[in-house]
Amino acid sequence: MDIVVVGSINMDLVTNVKQIPKKGETCLGYGLNRIPGGKGANQAVAAARLGARVEMIGRLGDDAMADDLLKSLKINQVGVKNVIRTEEETSGTALIMVEETGDNVIVVIPGSNGKLDEEDIDQAIDTIRSTKIVVTQLEIPIQTVKYVLEKAKAFNKYTILNPAPAAYLEDDIIMNTDLLTPNETELEILSGITIESEADIIRAAKKLLKRGVKQLIVTLGDKGCMYIDEKGHKSYSALSVKAVDTTAAGDSFTAALAVALCEGKSMDEVITFATKVGALTVTKFGAQQSLPYRLEVTQREV
Ligand code: RIB
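Cut-offs used in this document
Residues numbered from 1 in each chain as written. Predicted model: local features only at pLDDT ≥ 70, side-chain atom pairs only at ≥ 80, totals over all residues. Heavy atoms only, no water. Buried < 20%, exposed > 50% of the residue type's maximum accessible area, 1.4 Å probe, protein only. Helix = DSSP H or I, 4+ residues; strand = E, 2+ residues; numbered from the N terminus. Pairing = 2+ DSSP bridges. Core = buried A, V, L, I, M, F, W, Y, C linked by side-chain atoms within 4.5 Å. Contact = heavy atoms within 4.5 Å. Near = heavy atom within 4 Å. Polar contact = N/O pair within 3.5 Å; in protein donor to acceptor, adjacent residues only side chain to side chain. Areas by Shrake-Rupley, 256 points an atom, 1.4 Å probe, with all protein chains shown as cover. Axes fitted to C-alpha atoms, helices over the stretch in contact; angles between N-to-C directions.

Asker: Kindly report on the pairing of strand S1 (residues 3-6), identifying the contributing residues and their values.
Answerer: In S1, alternate side chains face the same way, and those of Ile 3 and Val 5 on one face and Val 4 and Val 6 on the other are all buried. As paired strands, S1 and strand S4 (residues 54-60) are joined by four bridges and run parallel to one another. The residue of S4 that forms the bridge with Val 5 is Met 56. Sheet topology note: the S1/strand S8 (residues 133-137) ladder contains four bridges and is parallel.

Asker: Tell me about the nonpolar core, residues and numbers included.
Answerer: In terms of nonpolar packing, the biggest core is built from 51 residues, with Ile 3, Leu 73 and Ile 217 touching the most fellow members. With nine residues, helix H9 (residues 249-262) is the single largest residue contributor to this core. Setting aside chain neighbours within four positions, we find Ile 217 in contact with Leu 179, Leu 180, Thr 181, Pro 182, Cys 225, Met 226, Tyr 227, Phe 253, Leu 257, Met 267 and Ile 271.

Asker: Please provide a residue-by-residue account of the site of the ligand, values included.
Answerer: Around the ligand, a shell composed of 14 residues is seen, among which Asp 12, Gly 38, Lys 39, Glu 139 and Asp 251 lie nearest. The contact in question runs from an oxygen atom of the ligand to an N or O atom on the side chain of Asn 42, over 3.0 Å. For the ligand, an oxygen atom lies 2.7 Å from a polar atom in the side chain of Asp 251. Compared with its free state, where it exposes 280 Å², the ligand has 96% of that area covered by protein.

Asker: I'd like a rundown of helix H1 (residues 39-49), residues and numbers included.
Answerer: Along H1, eleven of the eleven residues are buried, which leaves the element largely enclosed by surrounding structure. For H1, the full list of buried residues reads Lys 39, Gly 40, Ala 41, Asn 42, Gln 43, Ala 44, Val 45, Ala 46, Ala 47, Ala 48 and Arg 49. Directly beyond the C-terminal end of H1, a positive phi value near 110° is found at Gly 51.

Asker: Please give an account of the sheet that holds strand S5 (residues 78-85) that cites residues and values.
Answerer: Strand order in the open sheet made by the nine strands is S5-S4-S1-S8-S9-S10-S11-S12-S13, with mixed pairing throughout. Edge strands, defined here as strands with exactly one partner in the open sheet, are S5 and strand S13 (232-236). Against the sheet, H9 makes contact with S1, S8, strand S9 (158-162), strand S10 (179-180), strand S11 (215-219) and strand S12 (225-229), and its axis sits at roughly 170° relative to S9, the strand it touches most. The strands touched by helix H10 (residues 267-282) within the sheet are S11, S12 and S13, with S13 carrying the most contacts at an inclination of about 35°.

Quick look at the structure:
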């Protein structure tokens, strides 16, 4: 196994709006789409489409959405032997509005994702033991994230934490993370430093390096990203594409980092590859349905 993703599986209920409404405002939505998503499942599907052997660890509910979500993982060649059904619980759901600029707002209702616990991780321990990289995010209980990272590091695995949705993290999570991939907002919450400049990003990242994380890639939307470790930092530009929907771009970026690291590429190559994968994701509507296949990434000029 190359990559194990421990995380959320959601059904996204998506509508298009002209502009994301302000507090108290009502607006019209155009169409209602039911699209497989969830940060964890998106990362697993993205990594599999990019050519990695992937296993997912997560929880579904006992509703009809669970069948469709499981089907999406399976048809994308993601291993599902550690995807558990949860009795008397609904599957994770996300309500998403996408505006004309491609930007979105998302409300996640965790459902069965909130039931993924330490015992589930113990049940899947052989899968974690036999992988190269463990990827996780914050749409499952925080104590489960902590436990996964501890177990993964005990087996000497490379760990990637995509700290979304934004939350403050205790040291025992940070120090078991090899690569942390926050956006600017997440970095602010993690570090307690307001981010207004490149110098702020470096200061915030250094604070987290001191707390034990080994490497950071801070994503900056259309400004690209910045890599920081204890030896220094480097900026990478974004690719300019016509944005249709930014949903899952961060997920495919993280997945692509994992895939390229698994393949032993240099950090420059890893970030260049992930940048292209994230950019291609933005050009299509929806979460899992927008994730590019390896061939598209290799062939397409962006
Ligand atoms: O990152 C995008 C994802 O966030 C969506 O698919 C939605 O399910 C939420 O988890």
